[in-house]
Amino acid sequence: MTDMSMSHSSESNTPEKQTDFSVRLKKRYAAERRFRAYGLTAIAIAVSILGILLGTISFQGTPAFFQTYVQVDVYFDEAVIDPSGARNEQAMRTANYQVLAKRGLYELFPEVTERREKRTLGRLLSSGAYRPLAQMVLDDPEIIGTTQTVWLVTSDDIDTFYKGQIDRDTVEADRRVKDNEIAWVDALEADGRVDLQFNTAFFSTGDSREPELAGIWGAVVGSFLTLIVTLSVSFPLGVSAAVYLEEFAPKNRWTDLIEVNINNLAAVPSIVFGLLGLAVFLSFFGMPRSAPLVGGLVLALMTLPTIIIATRAALKAVPPSIREAALGVGASDLQVVTHHVLPLAMPGILTGTIIGMAQALGETAPLLMIGMVAFIVDVPSGVTDPSTVLPVQIYIWADSPERAFVAKTSAAIMVLLGFLITMNAIAVMLRKRFERRW
């Protein structure tokens, strides 16, 4: 036996055998290195594409956070604002402040006397540039009869030109800003009367046909109201359904069928839920069209499968010993779930819920089907008021022909991405904060 084992060992340690083993080992290591290189390359490509996407959006959207203003000396003519002198609020609110704004601009260029040139000069200002004047008078009627220096917003063409997005060297026939307008802007800039200021109106106003006046506040409020309805409906229903299916429901063909359908609903295209909302909530129940109430209900139906699946996974993660210990001290099945299992599973439930809400926040297709694509100027004050949401607002602006809406679209995408990143970061923090290791 000893001779045979020694003979076998000596045969396996021959130089030929060792060389073959070394070659195979090197091939395996080389294959592992190639596999690692492939993985790192894929990650690098994905990160590069993501960086290009975010960089492009940021580059196009950053100009929308700033707006071009022109400094004008406005004379608040009492004959225009309040001819009766009674300081009537309604009269002061509805006065023709646009005339006062244009008068102040005309005084800066006294050489412009022709009617056509005056009309062109007046187009340097936005059609809504006069609105701050009305608010100034309402806040302090004492300024009537005085001259005040006011910064007024320019039109979208002048704003685009001043930001360098229109090349002045282009042939005049091929650009929207003409030579005389460029000369006026240059004169105002030389006099220190043109400035880029932070565009607060972008975050405080609703939508508008004029790009320089359009804001996202109406869409933000609409998104908030819609998500409130979505959370109020989907969270209690989803958690209750998951608890019943996981803890109380008997295991038979019916519960198996329900589980299969829940998993299938999670993969259904979102536009199908929009069709369901159109047929049921609008056509059958007659709910208000383009309202956060209907949008929230549609998104709640879409979010329910996600919350149910996440909740069941969180309940399964609770060790059976917790249930057995509670039952051992005399707790009922309901007490076991409500006092022990559900609190321990809550971090996972909240994480899944937030992810579902983030998914609902970015949805557009189901809301288009229920009319939330309508042009809404006013900021909604309740869940039954007409409104829109951020993704739909982005869709509307992307379809607008004005060039200035390109920057508005990218800026709104940046805001939406900020909300989504924040919600996902909250989900990660909740999981890290309350996670228990068994």
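Residues numbered from 1 in each chain as written. Predicted model: local features only at pLDDT ≥ 70, side-chain atom pairs only at ≥ 80, totals over all residues. Heavy atoms only, no water.

A. Local environment of the overall build of the protein. Each helix and strand in the protein was counted, giving 19 helices and three strands. Based on the C-alpha atoms only, the size of the protein along its principal axes is roughly 120 × 70 × 35 Å. When each of the 438 residues of the protein is scored for burial, the buried share is 40%. Looking at the protein alone, contacts between residues at least 24 apart form 76% of all its contacts between residues at least 6 apart. (Helix = DSSP H or I, 4+ residues; strand = E, 2+ residues; numbered from the N terminus. Buried < 20%, exposed > 50% of the residue type's maximum accessible area, 1.4 Å probe, protein only. Contact = heavy atoms within 4.5 Å.)

B. Spatial organisation of the pattern of salt bridges. Applying the stated criterion across every chain, the model contains 13 salt bridges. One salt bridge in this structure joins arginine 176 and aspartate 157, with 2.9 Å as the shortest N-O distance. Of this pair, arginine 176 sits in the loop between helix H8 (156–162) and helix H9 (179–190) while aspartate 157 sits in helix H8, and the two are 19 residues apart along the sequence. A salt bridge links arginine 193 to aspartate 191; the shortest N-O distance between them is 3.1 Å. Its relative accessible area of 12% is what places arginine 193 among the buried residues. Here aspartate 191 falls in the exposed class, since its relative accessible area comes to 53%. Here the residues in one salt-bridge network are Asp73, Asp191 and Arg193, joined through shared partners. (Salt bridge = Lys/Arg side-chain N within 4 Å of Asp/Glu carboxyl O.)

C. Layout of the confidence of the model for the protein. Mean pLDDT over the protein works out to 89, with 95% of the residues at or above the 70 mark. With pLDDT under 50 throughout, residues 4–8 is counted as low confidence; its partners more than four residues away or in other chains account for zero contacts. (pLDDT = per-residue confidence, 0-100.)

D. Spotlight on the packing of helix H15 (residues 320–328) against helix H16 (residues 333–361). Where H15 meets H16, the closest approach of the two axes is 10 Å, and the angle between their N-to-C directions is 140°. For the pair H15 and H16, the sense of crossing is right-handed. Between H15 and H16, the residues in contact are Ile322, Arg323, Ala326 and Leu327 and Asp333, Val336, His340, Val341 and Leu344, respectively. Its residues placed into classes, the contact of H15 with H16 shows six nonpolar, one polar and two charged. (Axes fitted to C-alpha atoms, helices over the stretch in contact; angles between N-to-C directions. Left-handed = near helix turned anticlockwise from the far one by under 90°. Nonpolar A, V, L, I, M, F, W, Y, C, P; charged D, E, K, R; others polar.)

E. Representation of the packing of aromatic side chains in the model. Applying the stated criterion across every chain, the model contains nine aromatic pairs. An angle of 55° between the planes, with centres 6.2 Å apart, marks the rings of phenylalanine 109 and tryptophan 184 as tilted. Remark: tryptophan 184 occurs in helix H9 and phenylalanine 109 occurs in the loop between helix H5 (97–108) and helix H6 (115–122); sequence separation between them is 75 residues. Given the relative accessible area of 7%, tryptophan 184 is considered buried. (Phe/Tyr/Trp six-rings, centres within 6.5 Å; stacked < 30°, edge-to-face > 60°.)

F. Spotlight on the packing of H16 against helix H19 (residues 404–434). At a closest axis distance of 9 Å, the pairing of H16 and H19 adopts a crossing angle of 175°. Classified by the interaxial angle, the pair formed by H16 and H19 is roughly antiparallel. Two secondary-structure elements touch here, H16 through Pro347, Leu350, Thr351, Ile354, Ile355, Met357, Ala358 and Leu361 and H19 through Leu416, Phe419, Leu420, Met423, Asn424, Ile426, Ala427, Leu430, Arg431 and Phe434. Taken together, the residues of the contact of H16 with H19 break down into 15 nonpolar, two polar and one charged. (Parallel < 35°, antiparallel > 145°, perpendicular 65-115°, else oblique.)

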